[in-house]
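Observations on the three-dimensional arrangement
Take a look at the letters that make up each chain.
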Amino acid sequence: MAKFELMALPYAQDALEPVISSATIGFHYGKHLLTYVNNLNALVEGTPWAEKTLEDIVRDSEGGMRNNAGQILNHEMYFEQFKSPTENNAPTGKIADAITKSFGSFEAFQKEFNQKGATLFGSGWVWLSADKDGKLIITQETNAANPIQKGLTPLLTFDVWEHAYYLDYQNRRADHLAALWNIIDWQVVEKRL
Ligand code: MN
């Protein structure tokens, strides 16, 4: 029996348009993420890893097992943090205060996040995380890495693998990253803090 299951999307496949098209969700969620789930289930079958959580596998395993588990964890956080587009979408409350305290302003935070997403060479993820003292920091993680491997608490992530944007934006990664701010569900992000 399969240990890990494909997450359910918390919105309809076309709910994020025009920022992320239904076609991109179809491939990204329906094919790429499903493949990571199927791969991990095959790798853990009959091993002690079948009894572990995704986070345990990401922290403590290696090779293909760690990569597939990392991609599942990363994509679950990614797809869960979105909602339908709204104009002037910005954080409020506790998460807004934490961002202002750590970066000076929401705009300064966005600028650094966009810049680190645009300049990450190859495939990977840009992350906002909290460190053990509650300070927020932005990191670039290559391939399937997740900030929990550094002891950080991940809060928000943009996927910069080409499969995340190529159907809609082709090579214009920066334009894709700029548009993502309109679909962030800041209440989901705040719950991770
Ligand atoms: Mn992806």
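Summary of the structure given here.

Rules used throughout
Counting of residues starts from 1 at the beginning of each chain's written sequence and follows it residue by residue. Totals for whole chains, interfaces and linings use every residue, but because this is a predicted model, local features are given only for residues with pLDDT of at least 70 and side-chain atom pairs only at 80 or more, for both listing and counting. Side-chain numbers here rest on the full set of heavy atoms in the structure, without hydrogens or water. Burial classes follow relative accessibility: with a 1.4 Å probe on protein chains only, a residue under 20% of its type's maximum area counts as buried, one over 50% as exposed, and anything between as partly exposed. Secondary structure is summarised from DSSP: a helix means a run of H or I of at least four residues, a strand means a run of E of at least two, and numbering begins at the N terminus for each. When DSSP locates at least two bridges between a pair of strands, those strands are taken to pair. Take a side-chain nitrogen of Lys or Arg and a carboxyl oxygen of Asp or Glu: if they are within 4 Å of each other, that pair is a salt bridge. Only nitrogen, oxygen and sulfur atoms count as donors, using a 2.8 Å cut-off from the metal that widens to 3.2 Å for Na, K and Ca. Water is left out, so coordination shells may look unfilled. Axes here refer to lines fitted to C-alpha atoms; in helices the fit is confined to the stretch in contact. Angles between the N-to-C directions go from 0 to 180 degrees. If you view the pair so one helix is near and one far, a crossing is left-handed when the near helix is turned anticlockwise from the far one by less than a right angle, and right-handed when it is turned clockwise. By definition in these notes, contact holds between two residues if any of their heavy atoms fall within 4.5 Å. Any residue outside Ala, Val, Leu, Ile, Met, Phe, Trp, Tyr, Cys, Pro, Asp, Glu, Lys and Arg is labelled polar, Gly included; the first ten of those are nonpolar and the last four are charged.

Now for the pairing of strand E3 (residues 153-159). One face of the sheet, then the other: side chains in a regular strand alternate in exactly this way. Of all seven residues in E3, six are buried, a share of seventy percent or more. Direction of pairing for strand E1 (residues 124-130) relative to E3: antiparallel, over a ladder of six bridges. Bridge assignment links Val 126 to a residue of E3, and that residue is Phe 158.

A separate point is the pattern of salt bridges. If you walk through the whole model with that rule in mind, you get five salt bridges. Of the charged contacts, one joins Lys 116 and Glu 112 as a salt bridge, the two residues approaching to 2.8 Å between their closest N and O atoms. Here Lys 116 pairs with Glu 112, and both are found in helix H5 (residues 106-118), just four residues apart, close to one helical turn. Lys 132 is paired through a salt bridge with Asp 133; the nearest N and O atoms lie 3.8 Å apart. A relative accessible area of 76% means that Lys 132 is categorised as exposed.

Once that is clear, we can look at the coordination of the manganese ion. Protein-derived ligands of the manganese ion are His 28 (NE2), His 75 (NE2), Asp 159 (OD) and His 163 (NE2), with the metal-ligand distances lying across 2.0 to 2.1 Å. One chain supplies every donor to the manganese ion, and in sequence these donors are spaced H-x46-H-x83-D-x3-H. Pair noted here: His 28 is in helix H1 (residues 22-44) and His 75 is in helix H3 (residues 63-80), with a separation of 47 residues, a long-range link. Under the relative-accessibility criterion, His 28 is labelled buried at 1%.

Here we come to unusual backbone geometry. With an omega dihedral of 0 degrees, the bond running from Glu 17 to Pro 18 counts as a cis peptide bond. Mapping Pro 18 onto the fold places it in the segment before H1. Notably, Asn 88 is not glycine yet its phi reads approximately 55 degrees, a positive angle. Note that Asn 88 resides in the loop between H3 and helix H4 (93-103). For Asn 143, which is not glycine, the phi torsion reads 55 degrees and is therefore positive. Its location among the elements puts Asn 143 in the loop between strand E2 (136-142) and E3.

What follows deals with the packing of H1 against H3. Between H1 and H3, whose axes approach to 9 Å, the crossing angle comes to 145 degrees. Crossing geometry of H1 relative to H3 is assigned as left-handed. Between H1 and H3, the contacting residues are Ile 25, His 28, Tyr 29, Leu 33, Tyr 36, Val 37, Asn 39, Leu 40, Leu 43 and Val 44 on the first element and Gly 64, Met 65, Asn 68, Ala 69, Gln 71, Ile 72, His 75, Tyr 78 and Phe 79 on the second. Classifying every residue of the contact of H1 with H3 by side-chain character gives 13 nonpolar, six polar and no charged.

Remember, this is a structural readout, not a statement about activity or role.
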